[in-house]
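Geometric and topological summary
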Amino acid sequence: MAAINEVTDLALEGDIAVLTLNSPPVNALSAPVRDGIFKGMGEASANPSVRAIVLICQGQTFIAGADISEFGKPPKGASLFDAQAAIENARVPVIAAIHGTALGGGLEVALTCHYRVAVPSARCGLPEVKLGLLPGAGGTQRLPRIVGAERALEMVTSGEHVGAKACAAMGLVDELVEEGKLREGALAFARKVIDEKRPLKRVRDLNDKVEAARGKPEIFAAFRKANARKFRGFEAPEANIKCIEAAVNLPFEEGLKEERRLFMGLMTGNQSAAQRYVFFAERAVWKVPDVPADTKTIPVQKVGVIGAGTMGGGIAMNFLNAGIPVTIVEQKQEALDRGLAVIRKNYETTAKRGRLTMEDVEKRMAMLTGSLSLEDLADRDLVVEAVFEDMGIKKDVFGKLDRIVKQGAILATNTSYLNVDEIASATKRPESVIGWHFFSPANVMRLLELVRGDKTSNEVIATSLQMARKIGKIAALVGVCPGFVGNRMLAQRQREAQKLILEGAMPWDIDRVLYDFGFPMGPFAMSDLAGLDIGWFREKSTSSTIREILCEMDRRGQKTGAGFYDYDAERNARPSPVVEKIIRDFAAKKGINQRTISDQEIIERCIYPMINEGAKILEEGKAIRASDIDIVWINGYGWPVYRGGPMFFGDTIGLDKVLAKMKEFEGQMGAEFTPSKLLEKMVAEGKRFQDLK
Ligand code: 3HC
Ligand code: NAI
């Protein structure tokens, strides 16, 4: 075995050269890896006794793509194209031996090999679209030459990972080899290639699959139409589609040029910068500076949930889905029956859509036990409380849990706003208490805000992070403050939206601007969907806000056919002249002079105070890093991922501009806009939130 460089080795197995890459954690195509491939291929090709070359990786995976951390930095060493050309133009056949994942640039390298073998557990994909990019190393030109335009369209725009068996079925993988025996399998395959004198199969020379789609623009038109909703706001899917069109309509080299042109456009744009930032942000959330990675965790084998209402049911489903038995406790049989029935119905709906078998439904339901007694939670390793949002009730429940549940168990509360430390004070073990703030619907929404109390132990935090991952959530560890991170910032947007409608913008203007910004819906459409009467009581209602007036008129949202909007029988929303008049009259009564409000002002009023509040949250240490706040907003509130989250968006606009606007608004409207000290400091130092460490 000869070392080519610090990450690449070249070995000879008779007349077969084996080029091995070893660059943990994922063999990404960093400069040394590209150099290693380039030099290794050259050396192997130069040896006259070599009749085939196997390209294989050590560690958990084949090459998982370009090295994302190198993007935007000056290029070093051999380019990826040099490395690929060295493979594709090699004198002898090159065989890619794939395990783990061949992703992005990794699959593009494999596509320049003349053959590909894989173990059955391997997966291949071109996930660049998720980074706001397109496969920029020939992937969009080579992939359709093997799998055809339609399948290629799906793969590049979804970024999905395709299992090796499916890859073999569509010709992307030439042969599956025995699991755990990749090297032997690849060598045996290479032997066959040599003995059978198989040709140097270059994917770039295959044309029949792309010719099949030539002159059929309807394929692309139909694909765009079918996915318009999914792609809304994103630039990368369209650029990916254009590349596949180029593969179909242009000669290979010209298609490559088009791919390069579109790739560079995306690479230098804001969307990809945001999506690459989110890639690392999603991985950063799991790291808590003062909770070491080797902190002992508590084994969680049995879970208890208290309250089988909107949240409790969804919370229970998360654990059942992960194969963890749950006992759910309610106060009355009726409520318990209702809660269990909703869970069953949700599973059955999933089964009807083909995403679960009826057998799976029964398996999950069999792991769920209903109870009317907290005593049944005595042996639980984790209990999540989801009863009414009332401090008295929560404290009463936690006092009882303290007496009942075994020592060492985690006692979690799903409170949205209440003080976790006060809830913990009802127990003699506040170190075991933590907030687990799920988002509705709890079985669907990916975010879990973990709220660390003053006394929450490191073991409880480490276990909560581990469990969050296990149930498929993305967690963000936050501190105790009203509304924690997400709802605290939401309050800023809600307040401004309510003020703006009195100042002259209509609810549908605000909703349109925020929808076009990239949110799934605006705040008023959201209120109509949720119901305007959440927390509203007729007897206490005094027509003091627009919401109260609408509720008093029985315009309580979609469910009553009217709210901020009017709804037809199909629940299509229309701007409401009635509501417009109510708002205008109300403003007049309050002496507010209505004026024309620009779309730009709507963004500045609704979003800049959120950024400012995020800065206050950081200043107070209630979030570990700005990117955790962004993760909360992307995964809990539908913030468009291509804008990177509110804090990243602040960086994109320029914090000096945000600060100047906040000061201007403060001058006009007062303390609600007072800039955070951290924001002032960062602007003075010319820093961005991304620069805070
Ligand atoms: N570049 C740089 N670092 C990467 C990386 C990449 N392509 N892929 C993963 N990493 C890092 C992660 O940041 C993480 O670092 P950390 O431990 O310091 O946090 C570490 O590798 C392990 O990653 P995961 O925690 O994600 O490990 P998993 O085992 O859960 O997942 C994976 C492995 C499926 C490979 C996943 O990491 C992944 O999806 N990676 C990205 C794949 C990708 O997007 N490739 C395309 C890149 S763009 C490209 O190739 C452009 C080309 O067309 C020119
Ligand atoms: P809900 O009213 O739908 O359900 C609460 C359930 O708890 C009811 O079924 C009630 O019978 C039961 N309950 C009350 N006291 C109990 C007790 N002592 N023992 C056992 N069961 C008891 O309320 P929802 O919406 O599920 O909210 C629960 C908690 O989750 C609240 O703290 C809320 O703030 C929080 N939350 C709610 C979200 C939402 O969108 N609904 C989102 C995130 C958190």
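Thresholds, definitions, all that
Residues numbered from 1 in each chain as written. Chains lettered and ligands numbered in written order. Predicted model: local features only at pLDDT ≥ 70, side-chain atom pairs only at ≥ 80, totals over all residues. Heavy atoms only, no water. Near = heavy atom within 4 Å. Polar contact = N/O pair within 3.5 Å; in protein donor to acceptor, adjacent residues only side chain to side chain. Areas by Shrake-Rupley, 256 points an atom, 1.4 Å probe, with all protein chains shown as cover. Helix = DSSP H or I, 4+ residues; strand = E, 2+ residues; numbered from the N terminus. Nonpolar A, V, L, I, M, F, W, Y, C, P; charged D, E, K, R; others polar. Phe/Tyr/Trp six-rings, centres within 6.5 Å; stacked < 30°, edge-to-face > 60°. Buried < 20%, exposed > 50% of the residue type's maximum accessible area, 1.4 Å probe, protein only. Lys NZ or Arg CZ within 6 Å of the ring centre and 35° of its normal. Contact = heavy atoms within 4.5 Å. Core = buried A, V, L, I, M, F, W, Y, C linked by side-chain atoms within 4.5 Å. Pairing = 2+ DSSP bridges. Axes fitted to C-alpha atoms, helices over the stretch in contact; angles between N-to-C directions. Salt bridge = Lys/Arg side-chain N within 4 Å of Asp/Glu carboxyl O. Domains from an automatic or database assignment. Right-handed = clockwise from strand over helix to strand, strands pointing away. Parallel < 35°, antiparallel > 145°, perpendicular 65-115°, else oblique.

Moving on to the site of ligand 2. Near ligand 2, the surroundings consist of 20 residues, among which M311, E330, E389, K394 and S416 are the closest. Between ligand 2 and the protein, one listed contact pairs an oxygen atom with a backbone N or O atom of M311 at 2.8 Å. Contact distances for ligand 2 include 2.5 Å between an oxygen atom and a side-chain N or O atom of E330. Taken by itself ligand 2 offers 830 Å² of open surface, and the protein chains cover 78% of this. Residue assignment for the shell around ligand 2 shows that the elements contributing at least two residues are helix 13 (310-321), helix 16 (391-404) and strand 16 (433-438). Taken together, the residues that form the shell around ligand 2 break down as eight nonpolar, nine polar and three charged.

Inspection of the entire model under this criterion finds 19 aromatic pairs. Note on F519 and W633: the rings are 6.5 Å apart at their centroids and 85° apart in plane angle, and the pair reads as edge-to-face. Residue F519 is found in the loop between helix 20 (507-517) and helix 21 (523-530), and its partner W633 is found in helix 25 (residues 626-636); the two are separated by 114 residues along the sequence. On the accessibility criterion, W633 (0% relative accessible area) is buried. When the centroid spacing of 4.2 Å and the interplanar angle of 20° are considered together, the rings of W633 and Y637 count as stacked. Exposure class is identical for W633 and Y637. Each is buried. Cation over ring: R493 sits above F519, and NZ or CZ is 4.9 Å from the ring centre. It is R643 that lies over the ring of F517; its NZ or CZ is 4.2 Å from the centre.

Side chains that are three or four residues apart share a direction in an α-helix, a result of its 3.6 residues per turn. Where helix 21 is concerned, the buried positions are P523, F524, A525 and D528. Buried residues along helix 21 sit in contact with helix 19 (486-503), helix 20 and strand 19 (565-567). Phi for G531, located one or two positions after helix 21, is positive at around 105°.

Here the focus is the nonpolar core. Judged by nonpolar contacts, the single largest core of 139 residues is most densely connected at F319, L401, W436 and F689. Take this core: its biggest share by element is ten residues, from helix 24 (residues 599-619). The contact partners of W436, leaving out residues within four places of it in the chain, are F319, L382, A412, T413, N414, L448, E449, L450, S464, M467 and I471. Counting residues in each nonpolar core, the second largest holds 79 residues, with I56, A110, A118 and L143 among its members.

This brings us to the sheet that holds strand 1 (residues 2-5). Strand order in the open sheet formed by seven strands is 1-2-3-4-5-7-10, and the pairing between neighbours is mixed. Whereas interior strands pair on both sides, the edge strands pair on one side only; in this sheet they are strand 1 and strand 10 (175-176). Both strand 7 (residues 115-118) and strand 10 contribute to a ladder of two bridges, which runs parallel. Each residue of the ladder has a partner; that of V117, found in strand 10, is E175. Seen against the sheet, helix 7 (residues 182-195) touches strand 2 (8-13), strand 3 (16-21), strand 4 (52-57), strand 5 (94-98), strand 7 and strand 10 and runs at an angle of roughly 160° to strand 4.

Quick look at the sheet that holds strand 9 (residues 162-163) now. Taken in spatial order, the three strands make up an open sheet running 6-8-9, and their pairing is mixed. Either end of the sheet is taken by a strand with one partner, and the two such strands are strand 6 (101-103) and strand 9. Taken together, the two bridges between strand 8 (residues 123-125) and strand 9 define a ladder with antiparallel strand orientation. Each bridged residue has a counterpart across the sheet, and for R123 the counterpart in strand 9 is G163.

Moving on, we come to the side chain of T415. Residue placement: T415 occurs in the loop between strand 15 (410-413) and helix 17 (420-424). Residue T415 is classed as buried on the basis of its relative accessible area of 1%. Here Y417 takes part through its backbone nitrogen, which lies 3.4 Å from a polar atom of the side chain of T415. Contact partners of T415, with chain neighbours within four places excluded, come to E389, K394, V420, I423, H437 and F484.

Moving on to the pattern of salt bridges. Applying the stated rule across the entire model yields 59 salt bridges. A salt bridge links E245 to R224, with the nearest nitrogen and oxygen atoms 3.1 Å apart. Placement of E245 in helix 10 (residues 236-249) and of R224 in helix 9 (residues 217-231) is noted, with a sequence separation of 21 residues between them. Notably, a salt bridge pairs E672 with K499, separated by 2.9 Å at the nearest N-O pair.

Of note, L477 is situated in strand 18 (residues 474-479). Here L477 falls in the buried class, since its relative accessible area comes to 2%. Distance from L477 to G435, taken between C-alpha atoms, is 9.5 Å for residues 42 residues apart in sequence.

Often, the extent of an interface is quoted as the loss of accessible area on bringing the components together. Parsing the protein into structural domains produces domain 1 (2-267), domain 2 (303-483), domain 3 (505-511 + 525-589) and domain 4 (599-691). If you average the C-alpha positions of domain 3 and of domain 4, the two centres end up 29 Å apart.

Counting buried positions over the six residues of strand 4 gives six, a clear majority of the element. The alternating pattern of strand 4 places A52, V54 and I56 on one face and I53, L55 and C57 on the opposite face, and all of these are buried. As paired elements, strand 4 and strand 5 share three bridges and run parallel to each other. Residue pairing for strand 5: L55 is matched across the bridge by A96.

Moving on, we come to the pairing of strand 5. Among the five residues that make up strand 5, five are buried, leaving the element largely enclosed by the rest of the structure. Burial of strand 5 is two-sided: the residues V94, A96 and I98 facing one way and the residues I95 and A97 facing the other way are all buried. Handedness of the strand 4-helix 2 (residues 80-88)-strand 5 crossover: right-handed.

Quick look at the site of ligand 1 now. Close to ligand 1 lie 23 residues; A66, E108, E128, R283 and K287 are nearest. Here an oxygen atom of ligand 1 and a side-chain polar atom of E108 are 2.7 Å apart. One of the side-chain nitrogen or oxygen atoms of E128 is found 2.6 Å away from an oxygen atom of ligand 1. Expressed as a share of its isolated accessible area of 990 Å², the protein-covered part of ligand 1 is 73%. Those elements giving two or more residues to the shell around ligand 1 turn out to be strand 6, helix 3 (105-112) and helix 12 (270-284). No other element matches the three residues that helix 12 contributes to the shell around ligand 1.

The phi angle of most residues is negative, glycine excepted, and most peptide bonds adopt the trans form. The peptide bond linking P24 to P25 adopts the cis configuration, its omega dihedral lying at 0°. Secondary-structure assignment places P25 in the loop between strand 3 and helix 1 (31-46). Following S440, the chain continues into P441 via a peptide bond in cis, with omega recorded as -10°. By the element assignment, P441 lies in the loop between strand 16 and strand 17 (447-452).

This paragraph deals with the packing of helix 2 against helix 3. Where helix 2 meets helix 3, the closest approach of the two axes is 8 Å, and the angle between their N-to-C directions is 30°. The orientation of helix 2 with respect to helix 3, classified from their angle, is roughly parallel. Residues L80, Q84, I87 and E88 of helix 2 pack against E108, V109 and T112 of helix 3. Residues of the contact of helix 2 with helix 3, tallied by class, amount to three nonpolar, two polar and two charged.

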